[in-house]
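So the chains spell out like this:
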Amino acid sequence: MTAARKYEFRKATMGDLPMLAEWQAQPHVREWWDSDEPYDQQEITDPRVSRCIVSVDGRPFAFMQDYSVHGWEEHHFAHLPKGARGVDQYIGDPKMIGAGHGTAFIGARMGDLFDSGASVIATDPHPDNERAIAVYKKLGFEPSGQPQETQWGLILPMLARP
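The structure displayed is predicted, hence computed values, not measured ones.

K.L.:
Can you walk me through the packing of aromatic side chains in this structure?
P.N.:
Aromatic rings in a pair are described by how distant their centres are and how their planes are angled relative to each other. By the definition in use, this model includes seven aromatic pairs. Ring centres 5.6 Å apart and planes at 85° place the aromatic pair Phe61 and Phe105 in the edge-to-face group. Taken together, the residues span a long stretch of sequence, with Phe61 in strand β3 (residues 59–68) and Phe105 in helix α4 (residues 101–115) at a distance of 44 residues. A relative accessible area of 0% means that Phe61 is categorised as buried. Aromatic rings pair up to connect Tyr7, Phe61 and Phe105 into one cluster.

K.L.:
What exactly am I supposed to notice about the packing of α4 against helix α5 (residues 130–138) here?
P.N.:
A pair of packed helices can be characterised by two numbers: the angle between their axes and the separation between those axes. For the pair α4 and α5, interaxial distance at closest approach is 10 Å and the crossing angle is 50°. Judged by the angle between their axes, α4 and α5 are oblique. For the crossing formed where α4 meets α5, the hand is right-handed. Contacts from Gly102, Thr103 and Ile106 of α4 reach α5 at Val135, Tyr136 and Lys138. Considering only residue class, the contact of α4 with α5 consists of three nonpolar, two polar and one charged.

K.L.:
Honestly, α5 in this entry has me stumped. Any pointers?
P.N.:
One full turn of an α-helix is made of 3.6 residues, so residues set three or four places apart face in the same direction. Of the residues making up α5, those classed as buried are Ala132, Ile133, Val135 and Tyr136. Viewed along the axis of α5, the buried residues span an arc of 160°, placing them on a single side of the element. Facing away from the buried side of α5 by more than 90 degrees, the exposed set consists of Glu130, Arg131 and Lys138. Buried residues along α5 sit in contact with β4 (85–91), α4, β5 (121–123) and β9 (158–160). Directly beyond the C-terminal end of α5, a positive phi value near 100° is found at Gly140.

About the criteria used
The residue numbering used here restarts from 1 in each chain and proceeds along that chain's sequence as written. With pLDDT at 70 or above as the cut-off, local features in this predicted model cover only qualifying residues; side-chain atom pairs require 80 or more to be listed or tallied, and sums for whole chains, interfaces and linings still use all residues. In computing side-chain properties, one takes all heavy atoms of the structure into account and sets aside hydrogens as well as water. Here a pair means two rings of Phe, Tyr or Trp (six-membered ring of Trp) with centres within 6.5 Å. Their orientation is stacked below 30 degrees between planes, edge-to-face above 60, and tilted elsewhere. What counts as a helix is a DSSP run of H or I of at least four residues, what counts as a strand is a run of E of at least two, and both are numbered from the N terminus. A 1.4 Å probe rolled over the protein chains alone gives each residue an accessible area, and that area as a share of the maximum for its type sets the label: buried under 20%, exposed over 50%, partly exposed in between. Angles here are taken between N-to-C directions and fall from 0 to 180 degrees, while the axes themselves are lines fitted to C-alpha atoms, restricted in helices to the stretch in contact. Any angle from 65 to 115 degrees is called roughly perpendicular, while one under 35 is roughly parallel, one over 145 is roughly antiparallel, and all others are oblique. Handedness of a crossing is defined here by the sense of rotation of the near helix relative to the far one, left-handed for an anticlockwise turn of less than a right angle and right-handed for a clockwise turn. Residue contacts follow a heavy-atom distance rule, with two residues in contact if any of their heavy atoms lie within 4.5 Å. Only Asp, Glu, Lys and Arg are considered charged, only Ala, Val, Leu, Ile, Met, Phe, Trp, Tyr, Cys and Pro nonpolar, and every remaining residue, Gly among them, polar. Note that the arc is defined by the directions from the helix axis to the C-beta atoms.

Structural data, given as structure tokens:
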């Protein structure tokens, strides 16, 4: 059972770029994560974003980032209160899909963020990404408006509170 497992979150480094590129080339990631290049040095070290490799039982299998929603001008979550964090993630290893890991590791990270003082956590899946939306709803996220077009694409804004 995944709930009893301990998920580890370590800071992503430039050395992780080949693994991230491999994960992002997977069809299940590519469908929702539109990027040909994982990151460059400036993006990996951007202080507004915490980018992590997620592991379970010593096996890296997912990527997760959380960020200050106030770090970009005109961000679609900039209206949220001070301390709000945004999250994005994907399971890179296709063998780890469908086993409850997404719900478990996202929930673990949400707990860490709320424990660290996050006032609200925001996420913005594509409105057609039914699997992601179902996971977010299990974790307490609720839609906070209608689907909208942003500089990052079409999103469904969702919020979770402590």
